[in-house]
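Inside the fold
Residue strings, one per chain:
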Amino acid sequence: MVSFGGDMIDTEGVPTGGPITFSDMMCSRGANFFFAYQTPKVVNIRSKRIGAMYRLVQAAIIAYVIGYVFVWEKGYQETDRVESSVVTKVKGIIRTKPPYPLGLQIWDSVDFITPAQENNAFFIATNVLATPNQQQATCPEDKNVGIGGVRCASDEDCPPDTQIVNGNGFRTGTCSNVTGTCEILAWCPTEIDVRPVPPVLAGSENFTILVKNHIMFPKFGVKRRNILEDMNATYLANCRYHPVQHPYCPIFVLGDVLKLAGESYSSIAERGGVMGFVIEWNCNLDLSVNSCLPVYHFRRMDNKDDKLAKGWNFRYANYWADENHVERRTVVKAYGIRFVFNVYGKAGRFSPVVFAMNLGSGLGLLGIVSIVYMVNRFRAH
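Anyway, here's the lowdown on the structure attached to this text.

Here is what the cut-offs are and how they apply
Residues numbered from 1 in each chain as written. Predicted model: local features only at pLDDT ≥ 70, side-chain atom pairs only at ≥ 80, totals over all residues. Heavy atoms only, no water. Phe/Tyr/Trp six-rings, centres within 6.5 Å; stacked < 30°, edge-to-face > 60°. Buried < 20%, exposed > 50% of the residue type's maximum accessible area, 1.4 Å probe, protein only. 1 Å grid on protein atoms, 1.4 Å probe; cavity = no way out; pocket = protein on both sides within 12 Å on 5 of 7 lines; lining within 4 Å. Points joined across faces, edges and corners; volume = space filled by probe spheres on them. Helix = DSSP H or I, 4+ residues; strand = E, 2+ residues; numbered from the N terminus. Nonpolar A, V, L, I, M, F, W, Y, C, P; charged D, E, K, R; others polar. Pairing = 2+ DSSP bridges. Disulfide = S-S within 2.5 Å. Core = buried A, V, L, I, M, F, W, Y, C linked by side-chain atoms within 4.5 Å. Contact = heavy atoms within 4.5 Å. Patch = residues over 30% accessible without salt bridge, like charges linked within 9 Å, V, L, I, M, F, W, Y side chains within 5 Å. Areas by Shrake-Rupley, 256 points an atom, 1.4 Å probe, with all protein chains shown as cover. Salt bridge = Lys/Arg side-chain N within 4 Å of Asp/Glu carboxyl O.

Before going further, it helps to spend a moment on the packing of aromatic side chains. Each aromatic ring pair is described using two quantities: the centre-to-centre distance and the angle formed by the ring planes. All told, the structure shown has 18 aromatic pairs when counted by the stated rule. Ring centres 6.2 Å apart and planes at 40° place the aromatic pair Phe314 and Tyr316 in the tilted group. A relative accessible area of 23% means that Phe314 is categorised as partly exposed. Here a set of aromatic residues connected by ring pairs shows up, and it is made of Phe122, Tyr241, Phe252, Phe277, Tyr296, Phe298, Phe339 and Phe341.

In this structure, the largest pocket encloses a volume near 260 Å³. Around the largest pocket, the lining residues are Trp72, Glu73, Lys74, Gln77, Thr79, Asn282, Cys283, Asn284, Lys346, Ala347 and Gly348. Taken together, the elements giving at least two residues each to the lining of the largest pocket come down to β3 (77-81), β13 (273-284) and β16 (327-350). For the lining of the largest pocket, the per-class residue count stands at three nonpolar, five polar and three charged.

Let us now look at the pairing of strand β14 (residues 294-300). In β14, alternate side chains face the same way, and those of Pro294, Tyr296, Phe298 and Arg300 are buried while those of Val295, His297 and Arg299 on the opposite face are not. Looking at chain direction, β13 and β14 are connected through seven bridges and run antiparallel. Each residue of the ladder has a partner; that of Val278, found in β14, is His297.

This paragraph deals with the state of the cysteines. The full count for this structure, using the stated rule, is five disulfides. Here Cys152 connects covalently by a disulfide to Cys175, the sulfurs 2.0 Å from one another. Note on the Cys152 and Cys175 pair: the S-S dihedral is about 90°, so by sign convention the disulfide is right-handed. On the criterion of sequence distance, the pair formed by Cys152 in the loop between β7 (121-140) and β8 (170-175) and Cys175 in strand β8 is long-range, its members being 23 residues apart. The exposure class of Cys152 is buried, given its relative accessible area of 14%. Residue Cys175 is classed as buried on the basis of its relative accessible area of 9%. If you count the bonded cysteines of the chain from the N-terminus, they pair up as 1-6, 2-4, 3-5, 7-8, 9-10.

Ranked by size, the top nonpolar core spans 45 residues in total, and within it Ile124, Phe217, Phe277 and Phe339 carry the most contacts. Secondary-structure elements contributing two or more residues to this core are β4 (83-91), β7, β10 (208-217), α5 (254-260), α6 (265-269), β13, β14 and β16. When near neighbours in sequence (up to four residues on either side) are disregarded, Phe217 contacts Asp80, Arg81, Val82, Val222, Trp281, Cys283, Cys292, Lys346 and Ala347.

The next subject is unusual backbone geometry. Glycine aside, residues mostly have negative phi, and peptide bonds are mostly found in the trans state. Cis geometry marks the peptide bond from Cys188 to Pro189; its omega dihedral reads -5°. That bond from Val197 to Pro198 is cis: its omega, 0°, falls within 30 degrees of zero. Summarising the element assignment, Pro198 is placed in the loop between β9 (182-188) and β10. With a phi angle near 50°, Lys74 is a residue other than glycine that sits in the positive phi range. If you trace the backbone, Lys74 turns up in the loop between α2 (48-72) and β3.

Before going further, it helps to examine a nonpolar patch on the surface. A surface patch of nonpolar side chains, about 470 Å² in accessible area, is lined by Tyr64, Tyr68, Trp72 and Leu365. Top contributing element to the nonpolar patch by residue count: α2, with three residues. Along the chain, the position of Tyr68 falls in helix α2.

Another aspect to go through is the pairing of strand β15 (residues 313-321). Residues in a regular strand point their side chains to alternate faces of the sheet. Across nine bridges, β15 lies against β16 in antiparallel orientation. Residue pairing in the sheet places Phe314 in a bridge with Ala334 of β16.

For the structure on display, the rule yields nine salt bridges. With its nearest N and O atoms 3.9 Å apart, the salt bridge here joins Glu263 to Lys304. One end of the pair, Glu263, is in the loop between α5 and α6; the other, Lys304, is in the loop between β14 and β15, and 41 residues separate them in sequence. What makes Glu263 buried here is its relative accessible area of 11%. Between Asp302 and Arg300 there is a salt bridge; the shortest N-O distance is 2.8 Å.

So, in structure tokens, the structure goes:
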């Protein structure tokens, strides 16, 4: 308590020698709060063990912030995920010949690319089973299809107008003495579902695939594509992708892609399969945008050791009418390789806000050093 201007004031600045009002008290305490500063008491302890622990934790935190947060994770950048579209164009010509059911025939990309366009995928036929000149009529059911009710000994075994499960048509009520199967109303002759060995479309491993990948990082307004600015028509006509010699060439040879995925053409062509075509874009936009380049990876997605439903196949048909205006069709069961594109990546650019936030978080972690110090101090006592 001290004397000031004839009044006694305590150590908190509240007058004591005269009348004290509530407003005087609040003003005095408010002044003490805003115009006072406190510092923690610093104690210097000389201990090799505690000092070594203190510096070790400091060094670990600094290494984490600089090495991992800023260097490895680029914690000074804001990032954006890639948006992408992929278009492909496959080229190649092969020839089939007897005993293929359609005889000598030339196949080009219009024939073996079915469907012509898919979203971020494409299919190349490597083997086909063709059933030509079908028309709607009656014929014996294929003895290799259906679940029960296919084989018969008499007409009683073939109830009319009933369907064979997983079969090709409806029973007519007649048992065929030639095949020992029920006669059906269907597209005839029925398909004999026996996979051709070796593959009919031999030579498709030499097909070329032009991949056009357009990407965008919308946050930064950056657009890129895998056909780079310094490429010209001559280069595109002659280059073929190679991970070392031509890592940015957008034209791939089917056989080379399978080898890079650890697969052989002969092992996958007979039954087909599913391949992953990965395009990775990781771009540092603090550098030139021309350094934003694609990286390609390939892998097989289906399991070649599956016991059931192995490989990849589907059926499609070509329809026409003969001279008697009878509708006919040729059914093709196509085995082949379906390529599925997976495009991913991110771009980063320096942001003072992100940098300040991560730097502040790193400095805050240094407070852990004090906790470690206190724990060791109490243990020392």
